Amino acid sequence: MAGMKTAMGDYIDSSWELRVFVGEEDPEAESVTLRVTGESHIGGVLLKIVEEIKRKQDWSDHAIWWEQKRQWLLQTHWTLDKYGILADARLFFGPQHRPVILRLPNRRALRLRASFSQPLFQAVAAICRLLSIRHPEEMSLLRAPEKKEKKKKEKEPEEEVYDLTKVVLAGGIAPALFRGMPAHFSDSAQTEACYHMLSRPQPPPDPLLLQRLPRPSSLLDKTHLHSRWLDSSRCLMQQGIKAGDTLWLRFKYYSFFDLDPKIDPVRLTQLYEQARWDLLLEEIDCTEEEMMVFAALQYHINKLSQSGEVDEPACTDPGLDDLDAALSNLEVKLEGSAPTDVLDSLTTIPELKDHLRIFRPRKLTLKGYRQHWVVFKETTLSYYKSQDEAPGDPIQQLNLKGCEVVPDVNVSGQKFCIKLLVPSPEGMSEIYLRCQDEQQYARWMAGCRLASKGRTMADSSYSSEVQAILAFLSLQRTGGGGSSNHPQGPDASTEGLNPYGLVAPRFQRKFKAKQLTPRILEAHQNVAQLSLSEAQLRFIQAWQSLPDFGISYVVVRFKGSRKDEILGIANNRLIRIDLAVGDVVKTWRFSNMRQWNVNWDIRQVAIEFDEHINVAFSCVSASCRIVHEYIGGYIFLSTRERARGEELDEDLFLQLTGGHEAF
Amino acid sequence: MGESNEDIDQMFSNLLGEMDLLTQSLGVDTLPPPEPKPPRTEFNYSVGFKDLNESLNALEDQDLDALMADLVADISEAEQRTVQAQKEASLNRPPSASLEVPGFSGAASLGYGANAAATSIGQYEDDLPPPPADPILDLPLPPPPPEPLSQEEAEAQAKADKIKLALEKLKEAKVKKLVVKVHMDDNSTKSLMVDERQLARDVLDNLFEKTHCDCNVDWCLYEIYPELQIERFFEDHENVIEVLSDWTRDTENKVLFLEKEEKYAVFKNPQNFYLGNKGKKENKETNEKMNAKNKESLLEESFCGTSIIVPELEGALYLKEDGKKSWKRRYFLLRASGIYYVPKGKTKTSRDLACFIQFENVNIYYGIQCKMKYKAPTDYCFVLKHPQIQKESQYIKYLCCDDARTLSQWVTGIRIAKYGKTLYDNYQRAMARAGLASRWTNLGTANAAPPAPPSTGTTQANGQIPQAAHPMSTVLGEAQRHVELPKDQKPAPGVPRAQPLPKSSLPPPPPVRGSSDVSGSPGMPPKAKGTADGFPALPNDLLPPPPPPPPLEDDELPPPPPDFDAPPDFVPPPPPSFVSNVGSPLPPPPPPPPTFIPESAEKPPIVVKRPPVPPKRQENPGPPSGGGGEQDFMSDLMKALQKKRGNMS
């Protein structure tokens, strides 16, 4: 229809020339020129373009991007007129899916194709489907922070970038499992490795790197991160993202629905990683005691994931073996002898007997350590003057159940003491056991630890406990023993582990490695039994229990106030925080919220709560879109129900978080 | 009135039925000798009693029977383990039991087990809808017939079976039981046997059954340390024996059974703990009200997420300095990981906090009258200590709050931090239990005390001896109750009755002294009240079908028939006879002359029904009230009923 000419070569219809560049927004790109009219449908135009290009290729993913209007022309039945396109429009004919580099919560880089034309919410959902992370509504993308000069130096040039650009996911169905991983990962060794990277915790970072990474030094710094969230209702292209750009994928909403270790390995791991980095980089503060627990869990998780026991707790096997042995033992006994023997055999408990030096601090006593014959049976410790007197009455007998066990060890000084605080009706009694060497120490220490929890050395965890203690001792020898500073690199695959990689840098400054090690080990005894996913879950739970957990900070200025303040947004409430002091000024809960409005012109958010409480503020550090999305997002997340499973009410989400038509 | 008439008719028919049953049961009883079940008790000892004998005396029949069964079983195995057993034997209560023991073989015991199970189930159905696990019941259920198994039999069994069995046995063999004296809120006490696997929840259920209280969620076991002046409630999931075994032998500590609102206050009004109070006090008014839906969502949010939320709590508290009577004010914060304080010159940001205590190894207690004892600034104190510490020690931490509200917030907050979601689970279980109970009362005669009328019928039908016998004892207990009231406070039929009357009505409060004495053993109780009591008691027994008696009892009691006979006989004779009447289960009740010993509430004389009891517990049969006794029991019944009604409403 278009293109009728007179003999002179003039066009006599209303057609005009439309120039379309082929490729992504590249001014140098080749272009084709078409003859179109205002009534041309986009679909027809697309067809013509493909014809013009004369290249055989799958063009199905391509669409037209209108640069000036920052808009995709996706409605193929619309006409050019309807879109308002004139001859001066700069149009690009390019793929809708383009590669980007995702920086995952575990800080690894992954290249994959993301949709540049769908609203970000859908694009993220597609990414999550590819990565097999359920509940994509909790995640979103951030712009990478501006690169600084410094950063380039730090970065190892050949950082491994996993590549998933070739992987195509069929349909919207949940991918089937194949060989323990979603089928689309099992295509090649490369993708398999990628899946392992996603689903297994990463080793602890190099302490040196950790120290150099930027950490927020104040509440204000913590607001920076949140200014970088992308809009979920607009597509990447509209937000100025180009192919090959780096984006961060993070859990944005701290409301983790239906977290199930069995079906969420990637999600759980990534969540764990995000939590860990939050703690290591001091995005969230915790106390010293809490840090030790986190460190112990990291140590444990790392140990398990290194040993390859990904799904199975490392200790089950020996444990099962023991049980099997016990059972078969029992069987034998049952056949042959009287049942009472069975009882005996099963209840026989290994004991420790040895010469140890004992010290009991008492007032007005200067006696030091004295050699005694010590017998440790079940959970009871008895000591005698000498071995000969052992059958008689001990000097003292202590039941270690419920006692506190504190290591007092200096490897380089060859000091291996166990301090016991044993509860008794009169209070706690203190006693020190001094062992001769590491082996002895490890056996006794492990026994004491189990006894304090009411378990005996017959417990299946005894041997692993001994091993763990020995491992930690060796660690101390290599690690913090001599020089207080960073011994080895980030090489975490060896048994030895640098405690500095497990704690936030401020603890690195505060403690020497040899001080940290025993404390981490102490905390470790409480978690040593956990399987990998249990440990990760425990880590996440402990993280969630921190008072400051899940608060996203934004600098705002409340209406009628003259100074900037911080608005904290959590999954159930808004918190007004004093910028300078960090004190909570006021809390409003979402459950009391009636409505909220955004005035896009003056960038002000107004919220009405029950009982006619009205709050209004303008956003300083981030756009009010981000605040608006956070609020709407949390409201949306609170509407999720288990019964509905995983289906996602996309429209509701966009309704709650979008609403920017006026914008 | 119409209602009550019906009731009475009902009771009458029940009575008749009961009599039938009993006569039947007599015959039956003799035939099948009671086979004591053989759960082995490793050792028993008692809590709250001076010595073993006392504790045994204090036990109710059922408990004693169960205990006896255990012991006898032990003996039969030729394991003369405990002196107690011998003592017991000397008591010669159930001689028959011991005789029978030898006869019982593996097979027999198995059969018995099944039997027991059946009966217990029957009871459940008949009686209270929510059958709390009766410890005694538990025992019989798992019949471990390991020893008796002959070799051939053993071989015949599949290996897997053997192993399972043996493991079970192992567990069973180690079960230890305690006789625990529980103080009621009316100053009476109740003794029950608690086995080491029982949680506070089980014991509570047990007590519910014994007391017919309203079973609401506030009921709790409560431990008090008179010496340290501290107390706390057991959490429902706590193992009772474990806690009690930390007590010293000569301890003055007690276990109470009472209602404490604080126990689950956080679930009833979560807003008081979770909202506001951070920052300004402005929220105070808004705290008070909150609609049910919001409460629910608040609870859901706090307890049902991936991790529970510990209430945000911080503020200045007084801390008692170690070993001194001086108190220092410090700023404390509660976190999931423990209590922290702000060191001098530091801020309250997480990184500056110093850990004051973590909860793993300590329990939280209320401090009582610390103002007097330790010169605390206020009386709102809470105490953290290792459960094993029983004496004053520098390892006990005392903290003092400004007001009651703060105290309850801290105590609750610490419990949440320490126990986490378990607390919520406990609450839901308690709610379910309370719900059942209330539904049952609605369905039933509205009277908590009298067991559902229909039950009698069924019981009889079953013809289970054990059941019949049990009913008796329980009924007696109830009868006593009824009786007691009229007697002591005779004039006032409308006297408000405390809801939670202990079923066995151990020692009722001081005023009721006489009755209290009686209460101790179900059998004994009635004696004190003159003859009149005796009369009513009987009818009552029969009428209201029995609560949940342990089946074991019957078995052991050889002479059920005497009971019946006894009553009539006794009727004419005054108090002493009564006693015997009660004790009737025992063959020859040699009623010791009732000695009147006013007993302090603490040690209510508790008589074991069957065994001729030590003299101590006798009571003065002749409390004045007895005089009225002669009237026909119907009128007494009526009175009792009316009272009940009054209470209920």
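The name given to chain B in an unreviewed UniProt entry is Amyloid beta A4 precursor protein-binding family B member 1-interacting protein, and the organism recorded there is Vicugna pacos. According to the UniProt record, the Sequence similarities (unreviewed entry) comment for chain B is "Belongs to the MRL family."

Per an unreviewed UniProt entry, chain A goes by the name Fermitin family homolog 3 and belongs to Vicugna pacos. Of the comments in the UniProt record for chain A, the one headed Sequence similarities (unreviewed entry) reads "Belongs to the kindlin family."

### A short note on the overall build of chain A
When helices and strands are counted, chain A shows 18 helices and 26 strands. When each of the 663 residues of chain A is scored for burial, the buried share is 51%. Across chain A, contacts joining residues at least 24 apart in sequence account for 60% of those joining residues at least 6 apart. For chain A, the exposed surface amounts to about 30100 Å²; the carbon and sulfur share of it is 49%.

### Description of the overall build of chain B
The number of helices and strands found in chain B is 26 helices and 13 strands. Among the 649 residues that make up chain B, the fraction classed as buried is 59%. Counted over contacts in chain B with a minimum sequence separation of 6, partners at least 24 positions apart contribute 73%. Taken as a whole, chain B presents about 24100 Å² of accessible surface, with 57% of it coming from carbon and sulfur.

### What about the packing of helix H8 (residues 265-280) of chain A against helix H9 (residues 288-306) of chain A?
Residue and element names in this part refer to chain A. Following both chains from N to C, one finds H8 and H9 inclined at 135 degrees, their axes separated by 12 Å at the closest point. With respect to H9, the element H8 is oriented oblique. Regarding H8 and H9, the two cross each other, and that crossing is left-handed. Taken together, the residues of H9 that come into contact with H8 (itself represented by Tyr 272, Arg 276, Leu 279 and Leu 280) are Met 291, Phe 294, Gln 298 and Ile 301. Grouping the constituent residues of the contact of H8 with H9 by class yields six nonpolar, one polar and one charged.

### Here we look at unusual backbone geometry
Residue and element names in this part refer to chain A. At Arg 603, a residue that is not glycine, the phi angle is positive and equals roughly 50 degrees. Mapped onto the elements of the fold, Arg 603 is located in the loop between strand S24 (593-599) and strand S25 (604-609). For Arg 603, a relative accessible area of 36% gives the class partly exposed. Unusually for a residue other than glycine, Glu 611 sits at a positive phi of about 60 degrees. One can find Glu 611 in the loop between S25 and strand S26 (613-619). We classify Glu 611 as exposed; its relative accessible area is 55%.

### Side note on the sheet that holds strand S8 (residues 139-143) of chain A
Residue and element names in this part refer to chain A. In space, the five strands of this open sheet follow the order S8-S12-S6-S7-S9, with mixed pairing throughout. Since the sheet does not close on itself, it has two edges, and those belong to S8 and strand S9 (161-163), each with one partner. Within the sheet, the average angular offset between the axes of one strand and its neighbour, ignoring direction, is 45 degrees. Across three bridges, strand S7 (residues 109-115) lies against S9 in parallel orientation. Across the sheet, Arg 111 pairs through a bridge with Asp 163, a residue of S9.

### Here's the deal with the packing of aromatic side chains
For the coordinates displayed, the defined rule picks out 45 aromatic pairs over all chains. Geometrically, the ring pair formed by Phe 359 of chain A and Tyr 432 of chain A is tilted, given 5.6 Å between the ring centres and 35 degrees between the ring planes. With Phe 359 of chain A in strand S13 (residues 351-359) and Tyr 432 of chain A in strand S19 (residues 427-435), the pair connects residues that are 73 residues apart, well separated along the chain. A residue is classified by how much of its surface remains accessible, and Phe 359 of chain A, at 21% relative accessible area, is partly exposed. A relative accessible area of 15% places Tyr 432 of chain A in the buried class. On the basis of an interplanar angle of 20 degrees and a centroid distance of 4.8 Å, the ring pair of Phe 267 of chain B and Tyr 427 of chain B is categorised as stacked.

### Quick word on helix H10 (residues 200-211) of chain B
All names here are of chain B. Given a rise of 1.5 Å per residue, 12 residues ought to cover 16 Å, and the 16 Å separating the end C-alpha atoms of H10 matches this to within 8%. Among the 12 residues of H10, 12 are classified as buried, and the element is accordingly described as predominantly covered. Buried residues of H10: Ala 200, Arg 201, Asp 202, Val 203, Leu 204, Asp 205, Asn 206, Leu 207, Phe 208, Glu 209, Lys 210 and Thr 211, and no others.

### Focus on the pattern of salt bridges
All told, the structure shown has 46 salt bridges over all chains when counted by the stated rule. Note that Asp 163 of chain A is salt-bridged to Arg 111 of chain A, the shortest N-O span being 3.7 Å. Residue Asp 163 of chain A is located in strand S9, and its partner Arg 111 of chain A is located in strand S7; the two are separated by 52 residues in the primary sequence. A salt bridge links Glu 426 of chain A to Lys 391 of chain B; its shortest N-O distance comes to 3.8 Å. Of this pair, Glu 426 of chain A sits in the loop between strand S18 (415-424) and S19 while Lys 391 of chain B sits in the loop between strand S12 (381-385) and strand S13 (397-400), on two different chains. When its relative accessible area of 49% is taken as the criterion, Glu 426 of chain A is described as partly exposed. Residue Lys 391 of chain B is classed as partly exposed on the basis of its relative accessible area of 26%. Through salt bridges with shared partners, a single network forms among Arg 134, Glu 137, Glu 138, Asp 258, Asp 264, Arg 267 and Arg 640 of chain A.

### Some words on the side chain of Arg 589 of chain A
Summarising the element assignment, Arg 589 of chain A is placed in strand S23 (residues 584-589). Reaching out from Arg 589 of chain A, the side chain makes a polar contact with the side chain of Glu 301 of chain B at a distance of 3.1 Å.

### What to know about the confidence of the model for chain B
Residue and element names in this part refer to chain B. Per-residue confidence for chain B gives a mean pLDDT of 62, with 40% of residues at or over 70. Predicted confidence is poor over residues 22-45, with pLDDT under 50, and the contacts of this stretch with residues over four places away or in other chains come to 76 contacts. Taken over the whole predicted complex, pTM reads 0.69, whereas the ipTM for its chain interfaces reads 0.82.

### Some remarks on the nonpolar core
Among the nonpolar cores identified, the biggest contains 155 residues, and Leu 420 and Trp 543 of chain A are the most heavily contacted of them. With nine residues, H9 of chain A is the single largest residue contributor to this core. Discounting chain neighbours no more than four positions away, the residues touching Leu 420 of chain A are Leu 381, Leu 400, Cys 403, Glu 404, Val 405, Ser 429, Glu 430, Ile 431, Leu 433 and Cys 448 of chain A. Leu 258, Leu 275, Leu 334 and Leu 399 of chain B belong to the second largest nonpolar core, which has 46 residues in total.

Rules and cut-offs
- Residues numbered from 1 in each chain as written.
- Chains lettered and ligands numbered in written order.
- Predicted model: local features only at pLDDT ≥ 70, side-chain atom pairs only at ≥ 80, totals over all residues.
- Heavy atoms only, no water.
- UniProt positions renumbered as here; feature names shortened; annotations may be inferred.
- Helix = DSSP H or I, 4+ residues; strand = E, 2+ residues; numbered from the N terminus.
- Buried < 20%, exposed > 50% of the residue type's maximum accessible area, 1.4 Å probe, protein only.
- Contact = heavy atoms within 4.5 Å.
- Areas by Shrake-Rupley, 256 points an atom, 1.4 Å probe, with all protein chains shown as cover.
- Axes fitted to C-alpha atoms, helices over the stretch in contact; angles between N-to-C directions.
- Parallel < 35°, antiparallel > 145°, perpendicular 65-115°, else oblique.
- Left-handed = near helix turned anticlockwise from the far one by under 90°.
- Nonpolar A, V, L, I, M, F, W, Y, C, P; charged D, E, K, R; others polar.
- Pairing = 2+ DSSP bridges.
- Phe/Tyr/Trp six-rings, centres within 6.5 Å; stacked < 30°, edge-to-face > 60°.
- Expected span 1.5 Å × (residues − 1).
- Salt bridge = Lys/Arg side-chain N within 4 Å of Asp/Glu carboxyl O.
- Polar contact = N/O pair within 3.5 Å; in protein donor to acceptor, adjacent residues only side chain to side chain.
- pLDDT = per-residue confidence, 0-100.
- Core = buried A, V, L, I, M, F, W, Y, C linked by side-chain atoms within 4.5 Å.

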